[in-house]
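Survey of secondary and tertiary structure
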Amino acid sequence: MPRFGMVIDTRKCVGCQDCVIACKTENNIPEGYNRDWIITESHGKFPDIQMEIRTERCNHCSETPCVSCCPTGASHIHDVGGVVLVTHDVCIGCKACIEACPYDARFAHPDGYADKCTFCIHRVEKGENPACVEVCPTYCMYFGDLEDPNSEVSKLLKSRKWHVNLTDAGTQPNIFYLV
Ligand code: SF4
Ligand code: SF4
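Attention here is on the structure that accompanies the text. (Residues numbered from 1 in each chain as written. Chains lettered and ligands numbered in written order. Predicted model: local features only at pLDDT ≥ 70, side-chain atom pairs only at ≥ 80, totals over all residues. Heavy atoms only, no water.)

Core analysis: the biggest nonpolar cluster contains 26 residues, and F4, M6, I8, F119, M141 and F143 have the highest contact counts within it. Looking at which element gives the most residues to this core, the answer is strand β1 (residues 4-9), with 3 residues. When neighbours within four sequence positions are excluded, M6 is seen to be in contact with R57, F119, P130, C132, V133, M141, Y142, F143, N174, I175 and F176. If you look at the next biggest cluster of nonpolar residues, it comprises 11 residues, including C66, V84, V86 and Y113. (Core = buried A, V, L, I, M, F, W, Y, C linked by side-chain atoms within 4.5 Å. Buried < 20%, exposed > 50% of the residue type's maximum accessible area, 1.4 Å probe, protein only. Helix = DSSP H or I, 4+ residues; strand = E, 2+ residues; numbered from the N terminus. Contact = heavy atoms within 4.5 Å.)

Here it is, written out as structure tokens:
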């Protein structure tokens with residue numbers, strides 16, 4: 001069974017926000033809301049300081065507090081690639097999943113449902129990349145099947161050092177950051 005994930009090279013990201021704009025356009029996200037965003041973090045002590053720039057979104061975790069808390073089944077794991085999705089017309093807008101996500105990856109859509117990144121599953125099921133991956137001018141984002149040892153994402157994770165966000169959350173995120 002494929003398990004879709006992303007590998008993001010923090011050494012190549014320049015924080016240009018093209019991925020953020022592509023997502024908003026592709027997914028018709030209303031003004032004031034975002035499914036992805038940019039974080040900058042500095043590490044070390046002067047003069048040995050490093051800046052990490054990360055593009056972040058729902059981690060499409062393997063352990064999903066956002067799905068297990070949902071009273072209606074609107075939040076669910078898709079049968080293609082283990083992508084975590086919300087069925088909008090089944091969502092009652094209770095916001096339990098928004099509270100449960102340790103990554104703050106969900107928001108209450110003005111139309112009354114919980115919303116977040118879908119890995120652009122509508123594109124992926126046509127054989128295309130998510131919009132954010134497609135537009136990145138530095139090619140710092142890779143999307144693919146983490147279960148396939150020959151996929152580019154698997155090879156990168158074998159050959160480079162990486163981290164995930166909030167390891168202590170116990171969610172087993174499927175977005176990996178190359179360092
Ligand atoms: S990042 Fe949050 S919303 Fe996305 S799958 Fe993980 S717990 Fe759920
Ligand atoms: S806001 Fe919607 S998707 Fe989230 S827990 Fe409530 S019913 Fe489920």
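Before going further, it helps to examine the site of ligand 2. Around ligand 2 sit 14 residues, and of these C70, C91, C94, K95 and C97 come closest. Considering only residue class, the shell around ligand 2 consists of 10 nonpolar, 3 polar and 1 charged. (Near = heavy atom within 4 Å. Nonpolar A, V, L, I, M, F, W, Y, C, P; charged D, E, K, R; others polar.)

So, about the packing of aromatic side chains. Applying the stated criterion across every chain yields a total of 4 aromatic pairs. Aromatic pair F4 and F143: ring centres 5.2 Å apart, planes at 45 degrees, arrangement tilted. Residue F4 is found in strand β1, and its partner F143 is found in strand β8 (residues 141-145); the two are separated by 139 residues along the sequence. Owing to a relative accessible area of 13%, F4 belongs among the buried residues under this scheme. Look at F143 and you get buried, because its relative accessible area is 17%. Grouped by ring-pair contacts, the aromatic residues F4, F119 and F143 constitute a single cluster. Note that R54 overlies the ring of Y177, its terminal NZ or CZ placed 5.6 Å from the centroid. (Phe/Tyr/Trp six-rings, centres within 6.5 Å; stacked < 30°, edge-to-face > 60°. Lys NZ or Arg CZ within 6 Å of the ring centre and 35° of its normal.)

By the burial criterion, the buried members of helix α6 (residues 152-159) are V153, S154, L156 and L157. Looking straight down α6, one finds its buried side chains confined to an arc of 160 degrees; they lie on one side. The exposed residues of α6 that point more than 90 degrees off its buried face are E152, K158 and S159. Considering only its buried residues, α6 is in contact with β1, β8, β9 (162-163) and β10 (175-178). (Arc of directions from axis to C-beta.)

The next subject is the layout of surface pockets. Of the volumes computed, that of the largest pocket is approximately 160 Å³. In this structure, the largest pocket is lined by T10, R11, H43, Q50, M51, E52 and V179. Tallying contributions element by element places strand β3 (residues 48-57) first for the lining of the largest pocket, with 3 residues. Within the lining of the largest pocket, the residues separate by chemical class into 2 nonpolar, 3 polar and 2 charged. (1 Å grid on protein atoms, 1.4 Å probe; cavity = no way out; pocket = protein on both sides within 12 Å on 5 of 7 lines; lining within 4 Å. Points joined across faces, edges and corners; volume = space filled by probe spheres on them.)

Below, the discussion takes up the sheet that holds β10. The sheet built from 4 strands is open, its strands ordered β8-β1-β10-β9 with mixed pairing. Two strands bound the open sheet, and with one partner strand each, they are β8 and β9. Helix-sheet contacts for α6 involve β1, β8, β9 and β10, and the interaxial angle to β8 is about 115 degrees. (Pairing = 2+ DSSP bridges. Axes fitted to C-alpha atoms, helices over the stretch in contact; angles between N-to-C directions.)

Attention now goes to the pairing of strand β2 (residues 36-45). Sheet topology note: the β2/β3 ladder contains 10 bridges and is antiparallel. Looking at β3, one finds that D36 is bridged to R57. Counting the residues between successive antiparallel strands, the hairpin from β2 to β3 contains 2 residues.

What follows deals with the environment of T138. Along the polypeptide, T138 turns up in the loop between α5 (131-135) and β8. T138 sits 127 residues away from R11 along the chain, and the two C-alpha atoms are 10.0 Å apart. Ignoring sequence-local partners within four residues, the contact set of T138 consists of K12, C13 and V14. Of note is the side chain of T138, whose polar atom sits 3.1 Å from the backbone oxygen of K12. (Polar contact = N/O pair within 3.5 Å; in protein donor to acceptor, adjacent residues only side chain to side chain.)

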